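# Chains, contacts and geometry: an overview
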Amino acid sequence: MRTLFIGMDGATFRILDELVKCTGDKQAVMPFLSMIYKKGVRSKLLSTPNPLTPPAWVSLMTGKNPGNHGVFDFIRAEERGDDVFFTLYDSRDNKAETIWSIASRQGKRVAALNFPFTAPPPKDYSGFMVPGFIPWRHLRRNTVPTDFYDRLKSLQGFNPKELAWDFDQEKNAVNVLSDTEREDWVRYHLPREKQWFRIAEHLLSEEPLDLLAVMFDGVDKLQHQAWMFLDPGLQSGIISEYHQRMRKLCMEYFMLLDGFIEALVNAAGPDVQVFMASDHGFTTTHEVVRINSYLHEKGYLDWKVMPDTKETVRREESMFANLDWKNTTAYCRTTSSNGINIRVARNPGDSGIKPKDYENFRDQLINDLQELRDLDTGERVISHIHKREDIFPGLQMKEAPDLLLVFRDFGFVSIKNKKPIIEQREEVAGTHHPDGVFFAYGQGIKQGKVIERRNITDVGATLLYSLGLDVPGDFEGQVPEPIFTEQHLLKKPVVIGAATNFSTNEDESESMSEDENEQLMTQLRMLGYME
Ligand SMILES: [Zn+2]
């Protein structure tokens, strides 16, 4: 038996349910997925507490919550004295063993394509790996095995610039896209997915793999910039010619994706077990909350006074807060974190609060955040405020923000120095929702069932179980047994085995250059991680 895993970044039932329906004599946009709805099992999949791509995929791949793997955001910050330095996370920040490594060290033949934070690849990994979320120039040296990249080059139509992130595409990126830019952005993801599909198909036909896993991230990219053309609730009223064209283009994307899923399932053979999942769902956000402006108003932070130059404008537009650290005790680092960091003085003379005042300070901060209310209705704008020990228990908890905020419309915060603090968006946008999707289909799997919501950490456990391996004893995720037929479970009971075998990746291979970091940030802005 073979196991096939297809990741769809940001996929949500809110969109998919509509795309699998036949209306009148019109065929469904995703007929193959429609068949999986009928002949497989599906459930909602609860994402990580901050339903964000990096922590969520790493949790899916490691069976652990971010408090145990250590990836909380796109960007890691380090406070040194009175300054804060930012770098992008990579695989070396993940402190937990991935299912790709767990399976390959037990003799399974594994291929993992386009998963974020898998570069640089682990040294002991013996399968195939082409990492995602890296610039195309870094592909060759991060592709495993070492000769695999040259093999890819001989594939018909292979184009690394199309496959990976090509920054030339986005050099003119601004926060608000023009209609044409938006259309180009959506269009750009069709050939990208085709590149990943081709590699997956090639491996399935040429290699005796036990597990092929491939991730299609265009779903998330499209939904960030084209939500208003996709959400079923936003398709009434005046529909412009542009809107119709964009919707059609988005449908083309999902049709293409459906064809890829079908072809991969068929290529995997008749005895396959297929699993599909997203890292988080999607929903509509209506408002912008400028959290650092609020913290400033409450006396927690001070903005850095900067001369009125181009450099200042660039800093203002950048992904992270530009603050006067000496006068800042609590702040939000990045728009994608939705978290608040408290600055604690570690050494005499450091700025920040005294360690002994931490609890009282944090309680006061929580009170102040609860008082952020809608001026018209009096409703709280922040629906949940989580303390990190409640949601990120584990060895890496110290890397987490002190508080995690969940907003009433699930939006990402703004960290800009701008007023008003709460503002309606000019145009509604897509944002991440905690509920993603999970599908299972094939040999040993029940038919036409919807089961209770599962946790994203369960996916890793499920894939290992499907491969006939034990679920590591230190996994937080569990195998959702109601997916499988009783006969299958009798024949193959779930076994909890030895703990994972994590070894630090001491790979000293170079990280991304300043320039590339900068370009990646630009890409994140394109996704809407700036108001
Ligand atoms: Zn995502």
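Residues numbered from 1 in each chain as written. Predicted model: local features only at pLDDT ≥ 70, side-chain atom pairs only at ≥ 80, totals over all residues. Heavy atoms only, no water.

Turning to the coordination of the zinc ion, a few remarks are in order. Every protein donor of the zinc ion is accounted for by Asp9 (OD), Thr53 (OG1), Asp279 (OD) and His280 (NE2), and the metal-donor separations fall at 2.0 to 2.1 Å. One way to put it: the four donor atoms around the zinc ion meet at angles of 100 to 125°, and that makes the site tetrahedral. Summarised as a motif, the one-chain spacing of the donors to the zinc ion is D-x43-T-x225-D-H. With Thr53 in helix H3 (residues 53-62) and Asp279 in the loop between strand S8 (272-277) and strand S9 (281-289), this residue pair connects regions lying 226 residues apart in the sequence. (Donors = N, O, S within 2.8 Å, 3.2 Å for Na, K, Ca; no water. Tetrahedral: all angles 85-135°; square planar, octahedral: opposite > 155°, others 65-115°. Helix = DSSP H or I, 4+ residues; strand = E, 2+ residues; numbered from the N terminus.)

With that out of the way, let us pick up the environment of Tyr294. Its place among the elements puts Tyr294 in helix H12 (residues 291-297). In this structure the C-alpha to C-alpha distance between Tyr294 and Leu222, which are 72 residues apart in sequence, comes to 31 Å. If we ignore the near neighbours within four places in the chain, the residues touching Tyr294 are Asp368, Leu369, Glu371, Leu372 and Ile421. (Contact = heavy atoms within 4.5 Å.)

On to the domain arrangement of the protein, then. We note that the domain assignment places domain 1 (3-280 + 434-502) and domain 2 (285-428) within the protein. Relative to domain 2, the C-alpha centre of domain 1 lies at a distance of 30 Å. Of the residues lining the interface, 26 residues belong to domain 1; the matching set on domain 2 comes to 28 residues. Where domain 1 abuts domain 2, roughly 2400 Å² becomes buried across the two surfaces, and 58% of that area is made up of carbon and sulfur atoms. Sorting the residues of domain 1 by area buried against domain 2 places Phe72, Asp82 and Phe86 first, and these three jointly supply 24% of that buried surface. Remark: the boundary between domain 1 and domain 2 carries one salt bridge. Arg182 is the salt-bridge partner of Glu427, the closest N and O atoms lying 3.3 Å from each other. (Domains from an automatic or database assignment. Buried area = accessible area lost by both parts, 1.4 Å probe. Salt bridge = Lys/Arg side-chain N within 4 Å of Asp/Glu carboxyl O.)

Cis geometry marks the peptide bond from Ala119 to Pro120, where omega comes out at -10°. Relative to the assigned elements, Pro120 resides in the loop between strand S5 (110-113) and strand S6 (128-130). At Phe133, a residue that is not glycine, the phi angle is positive and equals roughly 60°. You can see Phe133 is positioned in the loop between S6 and helix H6 (139-142). Accessibility expressed as a relative area gives 12% for Phe133, which makes it buried. (Buried < 20%, exposed > 50% of the residue type's maximum accessible area, 1.4 Å probe, protein only.)

Two measures describe an aromatic ring pair: the distance that separates the ring centres and the angle between the ring planes. Applying the stated criterion to the full structure yields 20 aromatic pairs. Relative to Phe439, the ring of Tyr37 has its centre 5.6 Å away and its plane inclined at 45°; by these criteria the two rings are tilted. Of this pair, Tyr37 sits in helix H2 (residues 31-39) while Phe439 is found in strand S15 (residues 435-442), placing the two residues 402 residues apart along the sequence. By relative accessible area, which is 9% here, Tyr37 ends up buried. Judged by its relative accessible area of 1%, Phe439 is buried. An aromatic cluster is present here, built from Phe5, Trp57, Trp100 and Phe115 joined pairwise through their rings. (Phe/Tyr/Trp six-rings, centres within 6.5 Å; stacked < 30°, edge-to-face > 60°.)

Take H2 next. Within H2, the full set of buried residues consists of Phe32, Leu33, Ser34, Ile36 and Tyr37. Next to the buried residues of H2 lie helix H1 (13-19), strand S2 (41-46), helix H11 (241-268), S8 and S15.

Turning to the pairing of S15, a few remarks are in order. The buried fraction of S15 is high, at seven of eight residues. The sheet contact formed by S2 and S15 spans six bridges and is antiparallel. Looking across to S15, one finds that Val41 is bridged to Ala440. Relative to S15, S8 is paired through five bridges, and the arrangement is antiparallel. Each residue of the ladder has a partner; that of Val274, found in S15, is Tyr441. (Pairing = 2+ DSSP bridges.)

Every second residue of strand S4 (residues 83-88) is oriented toward a common face, the buried set being Val84, Phe86 and Leu88 and the non-buried set Asp83, Phe85 and Thr87. Taking the residues that link successive antiparallel strands as the turn, the strand S3 (residues 75-80)-S4 hairpin has two residues, and the phi of Gly81 there is positive, at about 60°.

This brings us to helix H10 (residues 218-230). Taking 1.5 Å per residue as the helical rise, H10 with its 13 residues ought to reach 18 Å, whereas the 14 Å between its terminal C-alpha atoms falls clearly short. Bending of H10 peaks at approximately 70° at the position of His224. For H10, the tally of buried residues reaches 13 of 13 residues, placing the bulk of the element in the interior. (Expected span 1.5 Å × (residues − 1). Bend = angle between axes of the 7 residues up to and from the residue.)

One finds Phe5, Met8, Trp100, Phe254 and Leu369 to be the most contacted residues of the largest nonpolar core, which totals 169 residues. Among the elements that take part in this core, H11 stands out by supplying 13 residues, more than any other. Here this core gathers at least three residues from each of two domains, domain 1 (3-280 + 434-502) and domain 2 (285-428). Apart from the residues lying within four places of it in its own chain, the contact partners of Met8 are Leu16, Trp57, Phe216, Val219, Leu257, Ile261, Met276, Ala277, Ser278, Asp279, Val437 and Phe439. (Core = buried A, V, L, I, M, F, W, Y, C linked by side-chain atoms within 4.5 Å.)

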